[in-house]
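Report on the structure
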Amino acid sequence: SRGGKGKASTRLADDSDSIQHFFTCNDHDSVLLVTGQGIAYSVKAFQIPLSSRTAKGAPLPQVLPISSEEKVSTVIPIDQFNENEFLILLTSKGYIKKTPLNAFSKITQRGLIIISLGEGDTLDWARRCDADAEILVATRDGFASRYSVSQLKATSRTSRGVKALKLRPEDKMADMDILADDSAGKGSHALVVSSKGYGKRISIDEFRNQKRGGKGVIAIKFKEKAGGSRKAGGDKPDTLACMVTCKPGDEVVLSTSRGTVIRQRVDDLSIQSRTATGVLIQRLAKDDVITSVDVL
């Protein structure tokens with residue numbers, strides 16, 4: 001139920017290790033692992049060792065020829081590489097691009113460069129979508145922008161992309177999700193979760209369709225008792241951690257940096273306005289933060 005502590009999902013290697021990705025897939029899906037350096041690797045899900053909920057797992061270099069300097073930023077399970085689908089890539093500095101999904105069908109465990117990055121930039125998000133979908137991008141300071149995928153021109157694997165939205169000073173990108181035709185319909189919501197465990201559902205209709213490159217609109221305000229916003233000048237301010245789309249009846253799994261997961265019904269989470277602060281979704285241990293939300 002809402003406000004619980006959750007259960008351990010894995011045994012971490014040491015105090016510096018943390019959970020970064022949590023997703024669901026089937027055995028024969030191709031799992032696309034995208035690194036911050038803009039390289040993608042592909043492996044079948046059944047090739048990843050099966051372990052218990054609390055097991056430590058296998059070191060990534062045992063599964064992929066990945067260097068110790070590379071960090072996996074996104075993991076995407078793909079059942080088939082359809083011609084009419086795309087992969088949307090978003091960098092930490094707000095550059096976004098659209099590339100046909102079938103351009104990634106021949107990626108192997110050896111890896112392939114999929115984006116050109118500027119100095120100091122990293123590839124932090126990758127999402128799958130079709131030509132009629134819409135994009136929802138969010139920043140750490142709690143702003144979000146919604147616009148159509150059709151505003152992005154399809155480019156090759158090696159292009160850099162264009163600006164997703166205009167970031168405010170010292171703000172950074174926080175998350176991205178895709179609004180498919182059905183998720184943009186009546187009754188669908190954006191689930192916004194802060195790093196300190198507060199969150200809410202917002203009607204998709206509250207995010208008007210904008211032009212790419214705008215500043216976006218407020219998606220959440222932060223509670224003072226959780227540290228407030230970065231602009232408030234607190235020592236440990238709260239930030240927007242995740243924004244995903246969901247429908248009534250869905251369930252979500254929240255994962256924290258210390259390896260705790262909790263599964264909840266989205267129907268138990270409050271529907272509030274964009275400017276509301278949300279409710280406590282998960283009670284966190286000291287110095288633990290929310291890192292991902294996966295919709296089931």
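Look above for the structure.
Remember, it's a predicted structure, so these values are computed and weren't measured experimentally. (Residues numbered from 1 in each chain as written. Predicted model: local features only at pLDDT ≥ 70, side-chain atom pairs only at ≥ 80, totals over all residues. Heavy atoms only, no water.)

1. With respect to the packing of aromatic side chains
We describe a pair of aromatic rings using the distance from one ring centre to the other and the angle between the two ring planes. Tallied over the full model, the rule gives 0 aromatic pairs. One cation-aromatic arrangement involves lysine 98 over phenylalanine 86; the distance from NZ or CZ to the ring centre is 4.8 Å. Directly above the aromatic system of tyrosine 95 lies the positively charged group of arginine 160, at a separation of 3.9 Å from the ring centroid. (Phe/Tyr/Trp six-rings, centres within 6.5 Å; stacked < 30°, edge-to-face > 60°. Lys NZ or Arg CZ within 6 Å of the ring centre and 35° of its normal.)

2. Some details on unusual backbone geometry
The phi angle of most residues is negative, glycine excepted, and most peptide bonds adopt the trans form. Positioned with a positive phi, glutamate 170 is a non-glycine residue whose angle comes to about 65°. On the secondary structure map, glutamate 170 appears in the loop between strand E11 (162-163) and strand E12 (173-179). Unlike most non-glycine residues, aspartate 287 shows phi in positive territory, near 70°. Take aspartate 287: it is sitting in the loop between strand E19 (279-280) and strand E20 (290-295). Aspartate 287 sits in the exposed class, given a relative accessible area of 52%. (Helix = DSSP H or I, 4+ residues; strand = E, 2+ residues; numbered from the N terminus. Buried < 20%, exposed > 50% of the residue type's maximum accessible area, 1.4 Å probe, protein only.)

3. Overview of the sheet that holds strand E14 (residues 198-203)
Spatial strand order, E16-E13-E14-E19: 4 strands in an open sheet with antiparallel pairing. At either end of the open sheet lies a strand with only one pairing partner, and these are strand E16 (240-246) and E19. Pairing of strand E13 (residues 189-194) with E14, which is carried by 5 bridges, proceeds in the antiparallel orientation. Within E14, the residue paired with valine 192 across the bridge is lysine 200. (Pairing = 2+ DSSP bridges.)

4. Concerning the sheet that holds strand E8 (residues 123-130)
Taken in spatial order, the 4 strands make up an open sheet running E8-E5-E6-E11, and their pairing is antiparallel. The open sheet has two free edges, formed respectively by E8 and E11, since each of these has just one partner strand. In this structure, strand E5 (residues 85-91) lies alongside strand E6 (residues 95-100), joined through 5 bridges in antiparallel fashion. In the sheet register, isoleucine 88 faces E6, and the bridge partner there is lysine 98.

5. Re the pattern of salt bridges
Per the stated rule, a full pass over the model turns up 7 salt bridges. The salt bridge involving arginine 263 is made with glutamate 251; its shortest N-O contact spans 2.5 Å. Pair noted here: arginine 263 is in strand E18 (residues 260-265) and glutamate 251 is in strand E17 (residues 251-256), with a separation of 12 residues, a long-range link. For glutamate 251, a relative accessible area of 24% translates into the label partly exposed. The salt bridge partner of arginine 265 is aspartate 268, with a shortest N-O separation of 3.0 Å. Residues joined in a network through salt bridges with shared partners are Asp79, Glu85 and Arg128. (Salt bridge = Lys/Arg side-chain N within 4 Å of Asp/Glu carboxyl O.)

6. With respect to the pairing of E16
By the criterion of burial, E16 is predominantly enclosed, with 7 of the 7 residues buried. Where E13 and E16 come together, 6 bridges link them in antiparallel fashion. Each residue of the ladder has a partner; that of leucine 191, found in E16, is valine 244.

7. Some remarks on the nonpolar core
Grouped together as the largest cluster of nonpolar side chains are 17 residues, with contacts concentrated most on Ile88, Leu90, Ile96, Cys129, Ile135, Val137 and Met176. If you list the elements that add at least two residues to this core, you get E5, E8, strand E9 (134-139) and E12. Excluding residues that lie within four positions of it along the chain, isoleucine 88 makes contacts with Ile96, Lys97, Lys98, Trp125, Ala126, Arg127, Cys129, Ile135, Val149, Leu152, Met176 and Ile178. Judged by nonpolar contacts, the second largest core, of 16 residues, contains Leu136, Leu179, Val217 and Ala219. (Core = buried A, V, L, I, M, F, W, Y, C linked by side-chain atoms within 4.5 Å. Contact = heavy atoms within 4.5 Å.)

What is shown is where atoms sit, not what they do.
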